[in-house]
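# Reading the structure
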Amino acid sequence: MVTKRSILSVFRRKTQKAISERGVHGEGNYAATRAYNKATRHFVTSGRVDEAARSAAPRDDQEARSMAQAEQAGAERSKGEDPAVTRGRSRTRGKRSG
């Protein structure tokens, strides 16, 4: 007799097998992460970072305003600056000395 439990059991086994074959575990896809990290390292070491940054710069004032508005919209939803970005900066930055 085919039961709901047996159908779910077969589905679960097939799904888990397919997931493990693709290298997906939990919420991560290890193969995609490795490919991304490799491509990022290659890009950084290629010497094209400055060129890409220049080509991403706003072409005129209108585009600069649009980019600033987009950045502000993203910042409004942010939970704050990533500590990894500010790590290593002086803690006295912006404070008056003396």
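Residues numbered from 1 in each chain as written. Predicted model: local features only at pLDDT ≥ 70, side-chain atom pairs only at ≥ 80, totals over all residues. Heavy atoms only, no water.

Here we take up the overall build of the protein. A count of helices and strands for the protein gives five helices and two strands. Counting from the amino terminus, the protein carries its helices and strands in the arrangement α-β-β-α-α-α-α. Residues classed as buried in the protein amount to 2% of the 98 residues present. Total accessible area on the protein stands at roughly 9700 Å², and carbon and sulfur atoms take up 52% of it. (Helix = DSSP H or I, 4+ residues; strand = E, 2+ residues; numbered from the N terminus. Buried < 20%, exposed > 50% of the residue type's maximum accessible area, 1.4 Å probe, protein only. Areas by Shrake-Rupley, 256 points an atom, 1.4 Å probe, with all protein chains shown as cover.)

Our focus in this paragraph is the confidence of the model for the protein. Confidence in the prediction for the protein averages 78 pLDDT; 62% of positions are at 70 or higher. Within the protein, strand β1 (residues 24–25) has the poorest average pLDDT of any element, 60, and helix α4 (residues 61–76) the best, 93. (pLDDT = per-residue confidence, 0-100.)

The subject of this paragraph is helix α2 (residues 30–45). A rise of 1.5 Å per residue sets the reference length of α2, with its 16 residues, at 22 Å; its end C-alpha atoms lie 22 Å apart and thus fit the reference within 8%. Looking one or two places after α2, you find Gly47, whose phi comes out positive at around 85°. (Expected span 1.5 Å × (residues − 1).)

Another aspect to go through is the pattern of salt bridges. When the charged atoms of two side chains lie near each other, side chains of opposite charge can form a pair. Under the defined criterion, the tally for this structure stands at one salt bridge. The partner of Glu63 in a salt bridge is Arg59, and the shortest N-O contact between them spans 3.7 Å. (Salt bridge = Lys/Arg side-chain N within 4 Å of Asp/Glu carboxyl O.)

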